[in-house]
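If you want the building blocks of each chain, they are given just below.
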Amino acid sequence: MFYTIVFDQEKEEIFSLNDWLNCHPSLLEFFSCYSRQELIQKEKIVSISMMIEGTRPVISNFSHFVLDKKGVILFFEYYQVAPYSSGEFQVFIPYEKIKIA
């Protein structure tokens with residue numbers, strides 16, 4: 001298990017996925033679709049149903065993320081999208097690809 005923390009330096013407070021969802025409610029749906037498109041291409045994804053379940057558009061599936069200069073990195077723990085033996089996964093989404101309402 002791991003943790004990620006995003007700190008908003010301007011507001012001097014922790015930035016959460018809920019903060020982002022307040023402004024962009026369709027973000028979870030976008031993360032879900034984009035993650036599935038990326039993960040399905042990975043050789044270590046051996047169970048499509050496990051990957052689909054681990055990328056459903058719910059907050060708990062996308063609570064581990066960091067903001068990079070070029071985009072968002074989503075982290076998926078062991079067992080979330082694949083068996084333990086496949087390891088942990090991450091998906092990078094460039095900011096210019098994020099399409100939200």
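Quick note: structure is the one above.
S.K.: Quick one: what's the story with the overall build of the protein chain, residue by residue and with numbers?
M.R.: A tally of helices and strands in the protein chain yields three helices and five strands. Secondary structure elements of the protein chain occur, N-terminal to C-terminal, as β-β-α-α-α-β-β-β. Relative to the globule expectation of 13 Å for 101 residues, the C-alpha radius of gyration of the protein chain, 14 Å, shows essentially globular dimensions. Dimensions along the principal axes, computed over C-alpha positions, put the protein chain at roughly 40 × 30 × 25 Å. Evaluated residue by residue, the protein chain yields a buried proportion of 37% over its 101 residues. Within the protein chain, contacts between residues at least 6 apart in sequence are counted, and of these 55% link residues at least 24 apart. When the accessible surface of the protein chain is summed, it comes to about 6500 Å², and 53% of that surface belongs to carbon and sulfur atoms. Between the averaged position of the 9 positive side-chain charges in the protein chain and that of its 13 negative side-chain charges there is a distance of 7 Å.

S.K.: Go over the nonpolar core, please, and point to the residues and values.
M.R.: Leu17, Trp20, Phe31, Leu39, Leu74, Phe76 and Ile93 are the most contacted members of the largest nonpolar core, which has 23 residues in total. Residue assignment for this core shows that the elements contributing at least two residues are helix 1 (17-23), helix 2 (27-39), strand 4 (71-76) and strand 5 (89-94). Residue contributions to this core peak at six residues, all from helix 2.

S.K.: Can you tell me about the pattern of salt bridges, naming the residues and giving the values?
M.R.: Going through the model one piece at a time under the given rule, you end up with one salt bridge. In this structure, the salt-bridge partner of Arg56 is Glu53, at a minimum N-O distance of 2.9 Å. On the basis of relative accessible area, Glu53 is assigned to the partly exposed category, the value being 44%.

What counts, and where the lines are drawn
- Residues numbered from 1 in each chain as written.
- Predicted model: local features only at pLDDT ≥ 70, side-chain atom pairs only at ≥ 80, totals over all residues.
- Heavy atoms only, no water.
- Helix = DSSP H or I, 4+ residues; strand = E, 2+ residues; numbered from the N terminus.
- Rg over C-alpha atoms; globule rule 2.2 N^0.38 Å.
- Buried < 20%, exposed > 50% of the residue type's maximum accessible area, 1.4 Å probe, protein only.
- Contact = heavy atoms within 4.5 Å.
- Areas by Shrake-Rupley, 256 points an atom, 1.4 Å probe, with all protein chains shown as cover.
- Lys, Arg positive; Asp, Glu negative; His and termini not counted.
- Charge placed at Lys NZ, Arg CZ, Asp CG, Glu CD.
- Core = buried A, V, L, I, M, F, W, Y, C linked by side-chain atoms within 4.5 Å.
- Salt bridge = Lys/Arg side-chain N within 4 Å of Asp/Glu carboxyl O.

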